[in-house]
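# Topology and contacts: notes
Chain residues, written in single-letter form:
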Amino acid sequence: MQNLNIYNSLTNKKEIFNPLKDGYVGMYVCGPTVYSNVHLGNVRTFMSFDMIYRYFLHLGYKVRYVRNITDAGHLTDDNSEDKISTKARLEQLEPMEIVQKYTVDFHQILKKFNLLPPSIEPTATGHILEQIQAIETILKNGLAYEVNGSVYFDVLKYNETENYGILSKRKIEDAIENTRVLDGQSDKKNAQDFALWKKADPEHIQRWDSPWGIGFPGWHLECTVMSTKYLGEEFDIHGGGMDLKFPHHECEIAQAQACNHVAPVKYWMHCNMLTMNGKKMSKSTGNNILPEEIFSGENKNISKSYSASVARFFMMQAHYRSILDFSDEALLASEKGFNRLMEAINLLDSLKASATSTFDVKVWKQKCYDAMNDDFNTPILIANLFEAVKIINLMHDNKSTLTSEDLEEFKKVVFAFTFDVLALENTTVDNDNSDKLKGVVEILIGLRNQARENKDWALSDKIRDELIELGIQLKDGKEGTGFIIN
RNA sequence: GGCGUCAUGGCCGAGUGGCUAGGCUGGGCUCUGCAAAAGCUCCUACAGCGGUUCGAAUCCGCUUGACGCCUCCA
C-alpha cells in the first residue's frame, strides 16, 4: 500500500498515515444538531468525510466510521434552554418529534448527494448513562466540580498538568485576560470552564435524573463518550468542521484525557467552510442555501436548478481544507465541466483496443493516486480525470490508441475514481424510457442523414434544431452521428 | 482587543524554490454543407513594498485587504 499523507490539525503538518491497527481505520466525525434543516455548508463537511471514507475503502481498509446525531444539549444564546427544546416549543412538538423530523431530513439529503451511511450513528440521548459515568470519572479524578446541581470541567486545574489549547493553539492565559471583564451570574469558577452537566430549569423539556439532580448533559461530552465507546480510548481520525475546533474539539480532548489519561485522537482533520457572498454559511445568521433550493432552483442566489451530482462535483473541485465560495457562476462552470466528464465516460465502453498504446496509463494512474495520497487532493484528481477525458475523445476520433490491457486498466481507474471515490452519479444516463426514446432519436437521425445526402439542408437543420430545443444534442462524427440527452 | 487562516490570470480553483495545473469564459485554426461536438492553439497571474537566493507565486519581514475562531454553529 502506498503512503497516504494526511494534514493533522494537531501538529499543523502533513503526516504519513499509520493506523493504530494495520488495515483498520477508526474514524469519528461530529454530526449535525438536528433542530433544523441541513444547509449546503453542513453538507460540505459530511461530503468531504464521505470522500475520505470512500478512499480508505477503495484502498482496502476496514473502516469503522462513527458519526453522531446531536439530539440534546446545545444551548441557545440566552443560555437557558437548548436549541431542540426551543424549537419544540416554537413548533409545538415533542423534542423527539423535532429530532425525528430533522434526522429524517438529514438522511434524505445526504442520500441525494450519494453519501454512504456511517457504520454507527449514535445519538446523544441514547448515551446519557455513559455521559453520567464519564462525569463521575472526571469528578473522581479531581478535574471537575459541582455547583448548584451543575457540574463544570475545571480547565485551570486541568491545564496544570495537561495542555488545554493543544489543538486550537490558544494559550489559556490569553483567554483569561480577555474574558476577565465579563463576569456574570455564572456558577463557574472561571469563565473558560465548560459544563459537563447542567441543572434543568423547571420549564426545560429535555431532562434526565443524575447524581446531581435533574438536568441534561453538557454539549461537548457526547462526542467524547460515544467515540470512546465505539472506537476505543485511542482512535485514528477525528473530523469535523473548522468551526468546531474550538471550543468543541479542544474540550473533547480535555474530557478524554481527564477520563482515560491518553490523547484520544491520532489525526485531527478539519474541513473548511463553505461561504456564500464571502461569508460563512450558518443556520443562525440565515446566510445559507438549502439542498432542496439547489435542486429546485428556488433561491435568489442561483439562476437555475442544479443536480446533486453537479453540486458534489463543484465541492470536489476545491480542496477540503480551503474555503469555498458558493456562487451561481461557479456552479454553472462546474455543471459544464461535469457534463463533459460524463459524456466522455459514456464513450468509454465503445472504445476499441489497438495493437499499441499512445498514452502511458500506468504513469497517469499513479498521478491519480499521488493526488489522493497527498491529503485527499481531489482538485488534482479531477484535473487528471480531465486528462482522461481528452484521451477518451481522441480515441473516439481514432487519433489515439490503447492496447486492450491498457484500455481495461484505464477504464477501471476512471470508473473507480469517478464513481467509487468522488461518488459522482452519471445523470446523463437515461431513465426507464431510454430505449424507446433512443429508438425515436435514431429514426430522426436516419431521416436527417437522408436529407443531408439529398442536400436538403432546410430539413436536416430543422430536425437538428428542434431536437436541441428538446434538450437532445446531435454530435456528428467520423463514425456517424451520436447524441446526448440532457 | 486576543488567536489564526488566506490574498493566484475575465470567473472558479490547484500548486510549500527552477519544469503546462485543471475547469468555465473569450480569440484563432482543423474537421463540417453550415453549425454543434471534438481536437490543436493563443491571451490576460501570482495584493503592495522590501529582503534571502544563481533563481520565489512558493522562504522571511512590513503594509493593505478579506475571512474564521474567541457564544451555538459542519
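Residues numbered from 1 in each chain as written. Chains lettered and ligands numbered in written order. Predicted model: local features only at pLDDT ≥ 70, side-chain atom pairs only at ≥ 80, totals over all residues. Heavy atoms only, no water.

On to the packing of aromatic side chains, then. Under the criterion given, the structure shown has 23 aromatic pairs. Aromatic pair Phe46 and Phe106: ring centres 5.3 Å apart, planes at 80°, arrangement edge-to-face. One end of the pair, Phe46, is in helix H1 (residues 40-58); the other, Phe106, is in helix H3 (residues 95-112), with 60 residues separating them in the sequence. No difference in accessibility class separates Phe46 from Phe106, as the two residues are buried. Put simply, the rings of Phe17, Tyr55, Phe56, Tyr61, Tyr267, Tyr320 and Phe376 touch in pairs and so form one group of aromatic residues. Here the guanidinium or amino end of Lys283 rests over the ring plane of Tyr35, the centre of that ring lying 4.9 Å away. (Phe/Tyr/Trp six-rings, centres within 6.5 Å; stacked < 30°, edge-to-face > 60°. Helix = DSSP H or I, 4+ residues; strand = E, 2+ residues; numbered from the N terminus. Buried < 20%, exposed > 50% of the residue type's maximum accessible area, 1.4 Å probe, protein only. Lys NZ or Arg CZ within 6 Å of the ring centre and 35° of its normal.)

This next bit is on the environment of Tyr28. Within the secondary structure, Tyr28 sits in strand S3 (residues 24-29). Spatially, the C-alpha atom of Tyr28 lies 9.8 Å from that of Trp268, the residues being 240 residues apart in sequence. Of note is the side chain of Tyr28, whose polar atom sits 3.3 Å from the side chain of Asn68. (Polar contact = N/O pair within 3.5 Å; in protein donor to acceptor, adjacent residues only side chain to side chain.)

This part covers the nonpolar core. Side chains that are nonpolar tend, in soluble globular proteins, to be buried together. Counting residues in hydrophobic clusters, the biggest one holds 91 residues, and the most contacted among them are Phe56, Phe326, Phe376, Phe410 and Phe417. Excluding its chain neighbours within four sequence positions, the residues that come into contact with Phe326 are Leu40, Leu274, Thr275, Met276, Asn277, Met281, Ile289, Ile294, Ile302, Phe314 and Leu331. In terms of nonpolar packing, the next biggest core, distinct from the first, is built from 34 residues, Ile132, Tyr158, Tyr164 and Phe194 among them. (Core = buried A, V, L, I, M, F, W, Y, C linked by side-chain atoms within 4.5 Å. Contact = heavy atoms within 4.5 Å.)

On to the confidence of the model for chain A. Averaged over every residue, the pLDDT of chain A is 91; the share at 70 or more is 94%. Taken as a whole, residues 75-79 scores under 50 in pLDDT and shows 10 contacts with residues more than four places along the chain or in a different chain. This prediction of the complex comes with two scores: 0.94 for pTM and 0.95 for ipTM. (pLDDT = per-residue confidence, 0-100.)

Across all of its chains, the model carries 22 salt bridges by this definition. Lys280 serves as the salt-bridge partner of Asp243, at 3.2 Å between the closest nitrogen and oxygen. Taken together, the residues span a long stretch of sequence, with Asp243 in the loop between strand S9 (235-241) and helix H8 (245-260) and Lys280 in strand S12 (residues 279-280) at a distance of 37 residues. Here Asp243 falls in the partly exposed class, since its relative accessible area comes to 38%. Among the ionic pairs, Arg464 bridges to Asp465, the shortest N-O distance being 3.7 Å. Judged by its relative accessible area of 36%, Arg464 is partly exposed. (Salt bridge = Lys/Arg side-chain N within 4 Å of Asp/Glu carboxyl O.)

So, on to the sheet that holds strand S7 (residues 194-199). Read from one edge of the open sheet, 4 strands run S5-S6-S7-S8, paired in antiparallel fashion. Because the sheet does not close on itself, it has two edges, and the strands there are strand S5 (144-147) and strand S8 (215-217). Mean inter-strand twist for the sheet, computed between neighbouring axes without regard to direction, equals 20°. Of the strand pairs in this sheet, S7 and S8 are connected by 3 bridges, and their pairing is antiparallel. If you follow Lys198 over to S8, its bridge partner there is Phe216. (Pairing = 2+ DSSP bridges. Axes fitted to C-alpha atoms, helices over the stretch in contact; angles between N-to-C directions.)

Examined bridge by bridge, strand S1 (residues 5-8) and strand S2 (residues 13-16) share 4 bridges and lie antiparallel to one another. Directly across from Asn5, in S2, lies its bridge partner Ile16. Once S1 ends, the chain turns through 4 residues before running back antiparallel as S2, passing Asn12 with a positive phi of about 55°.

With respect to the secondary-structure elements, Lys283 resides in the loop between S12 and helix H9 (291-296). With relative accessibility at 23%, the residue Lys283 sits in the partly exposed group. Ignoring any residue separated from it by four or fewer positions in sequence, one finds Lys283 in contact with Thr33, Tyr35, Ser36, Asn37, His39, Asn42 and Asn288.

Moving on, we come to the sheet that holds strand S4 (residues 62-67). Read from one edge of the open sheet, 4 strands run S4-S3-S9-S10, paired in parallel fashion. Each of the sheet's edge strands pairs with one partner strand only, and the pair in question is S4 and strand S10 (265-271). Across this sheet, the average inter-strand angle for adjacent strands is 20°, counted without regard to direction.

For helix H12 (residues 361-373), built from 13 residues, the straight-helix expectation of 18 Å at 1.5 Å per residue is met to within 8% by its first-to-last C-alpha distance of 18 Å. Residues of H12 that are buried: Val361, Trp364, Cys368, Tyr369, Ala371, Met372 and Asn373. Measuring from the side-chain oxygen of the N-cap residue of H12 to the backbone nitrogen of Lys362 gives 3.2 Å; that N-cap residue is Asp360. Positive backbone phi, approximately 55°, marks Asp375, located one or two places after H12. (Expected span 1.5 Å × (residues − 1).)

Moving on, we come to the pairing of strand S14 (residues 472-477). Relative to strand S15 (residues 480-485), S14 runs antiparallel, the two being bridged by 6 bridges. Bridged to Lys475 within S15 is Gly482.

Inspection of the secondary structure puts His39 in the loop between S3 and H1. Looking at His39, its side chain comes within polar contact range of the main-chain nitrogen of Gly41, at 2.9 Å. Residues in contact with His39, not counting those within four places in the same chain, are Met281, Ser282, Lys283, Asn288, Ile289, Leu290 and Pro291.

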